[in-house]
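Each chain is listed here by its residues.
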Amino acid sequence: MIIGIIPARYASTRFPGKPLIDIEGKSMIQRVYEQASKAKCLSEVIVATDDERILEHVHSFGGKAVMTHPDHPSGTDRCWEAYLSVRGKGQKAKGNSSLSHVTMPPDYIINIQGDEPFVASEQIDELGAVLDGNVELASQMIPVSDHEVLFDMGEAKVIVNQAFEAIYFSRQVLPFLKGVDPKEWHKHHTYYRQVGMYAYRSDILEKITQLPVSDLEKAESLEQLRWLQNGYKIKMALTSYESHCIDTPEDVEKVLRLMKM
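Note that the coordinates shown come from a computational prediction; the quantities given were computed from them, not determined experimentally.

1. Things to note about the overall build of the protein chain
So, point 1. A count of helical and extended segments in the protein chain gives 10 helices and 11 strands.
So, point 2. Whereas a compact globule of 261 residues would reach a radius of gyration of roughly 18 Å, the protein chain reaches 19 Å, a difference of no more than 12%.
So, point 3. Summarising its shape, the C-alpha atoms of the protein chain cover approximately 65 × 45 × 35 Å along the three principal directions.
So, point 4. Burial analysis of the protein chain (261 residues in total) assigns 48% to the buried set.
So, point 5. Residue pairs at least 24 apart in sequence account for 67% of intrachain contacts in the protein chain once pairs closer than 6 positions are excluded.
So, point 6. Working note: accessible area of the protein chain is about 13100 Å², and carbon and sulfur atoms make up 51% of it.
So, point 7. If you average the places of the 29 positive and of the 37 negative side-chain charges in the protein chain, the two averages end up 3 Å apart.

2. Let's talk about the pattern of salt bridges
So, point 1. This structure, assessed with the given rule, holds 10 salt bridges.
So, point 2. For Glu34, the salt bridge is made with Lys26, and the minimal N-O distance between the two is 2.8 Å.
So, point 3. Assessed through its relative accessible area of 27%, Glu34 is described here as partly exposed.
So, point 4. For Lys26, a relative accessible area of 30% corresponds to the partly exposed category.
So, point 5. In this structure, Glu242 engages Arg193 in a salt bridge whose closest nitrogen and oxygen atoms are separated by 2.1 Å. You can see Glu242 sitting in the loop between strand 11 (234-238) and helix 10 (249-260) and its partner Arg193 sitting in strand 10 (residues 192-201), a full 49 residues away along the chain.

3. A short note on the state of the cysteines
So, point 1. All told, the structure shown has 0 disulfides when counted by the stated rule.
So, point 2. With no disulfide of its own, Cys79 lies 14 Å from the sulfur of Cys41, the closest cysteine sulfur.
So, point 3. Sulfur of Cys245: no disulfide; nearest cysteine sulfur belongs to Cys79 and is 17 Å away.

Procedures and definitions
- Residues numbered from 1 in each chain as written.
- Predicted model: local features only at pLDDT ≥ 70, side-chain atom pairs only at ≥ 80, totals over all residues.
- Heavy atoms only, no water.
- Helix = DSSP H or I, 4+ residues; strand = E, 2+ residues; numbered from the N terminus.
- Rg over C-alpha atoms; globule rule 2.2 N^0.38 Å.
- Buried < 20%, exposed > 50% of the residue type's maximum accessible area, 1.4 Å probe, protein only.
- Contact = heavy atoms within 4.5 Å.
- Areas by Shrake-Rupley, 256 points an atom, 1.4 Å probe, with all protein chains shown as cover.
- Lys, Arg positive; Asp, Glu negative; His and termini not counted.
- Charge placed at Lys NZ, Arg CZ, Asp CG, Glu CD.
- Salt bridge = Lys/Arg side-chain N within 4 Å of Asp/Glu carboxyl O.
- Disulfide = S-S within 2.5 Å.

Next up, the structure:
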C-alpha cells in the first residue's frame, strides 16, 4: 500500500498561511490534494498539518487531514507522525485468527510537497512505480540542459550509480569536468538535479527519523545526506516533470504563467 502524505505548515517565514492562499478559486492545499488524489498508485491521501485552520479547511472540501506536532524539524518527521496516527504501529494480518502473528508488509509513504499546486498525478505515479518492496527510499531527478540551472546553488544536484541509486547530493556541480569550459559542462556530461517528492518504506521512515543530524547534512543543508551517511539507499527515478513550487507571494503569478505556457 502506498499512502500520499502532504505536510502543510501554517507558519512560514516568507509566506505565512501559504497553504490557504487562493489560486484561481481554490486554496493551494486543495489543489495539491486534488492532484495527488488522481494518482493511481495511492491508496489514500492525507494532509499532515500543525494548524486547526488548515485541518478544518481540508475537511470542508472533503479531504482527510490529521494534526501533528508544530515543532517537527522537517516534512519527513511530520510524515512519520501522520503515518502513525492513521496506520498505527505493529499492524497484523486481519481476517484470519490463525495468521494473527503475521506482520503485514510495510507500507510506502510518498511525501508530496504542499507548495506545488499543479503537481502532476503522473509524476507521483512515476515515483510509485519504483517502489517494489526492496527500495528503502526514493526520489526523482531530471536531466539538466541549461548552464544557469546547473550552477544554481539553490538546486540540489545528484550523482547516481549504475543502479540509479544516489551516490551523493550537492548544491555544487558534480562531477568537475577537467579541461572543459564550465559553461559547456552540460554538453559533455549528463547532469541531474533532484525534483519532486520523497518516498519512504515505512520501516525505514521510522529509522531515519531517529538519526541525528549529520555533518554533510549541515554542510549542504540537504536532509537526504543524513540518510546516505548512515548507509541507506535512495533510488532515483527519472522524470520529465518540472517542479513549480510557491515560496513567496510573487511566485504565485510566476507559477500560473508557467502552467499556462
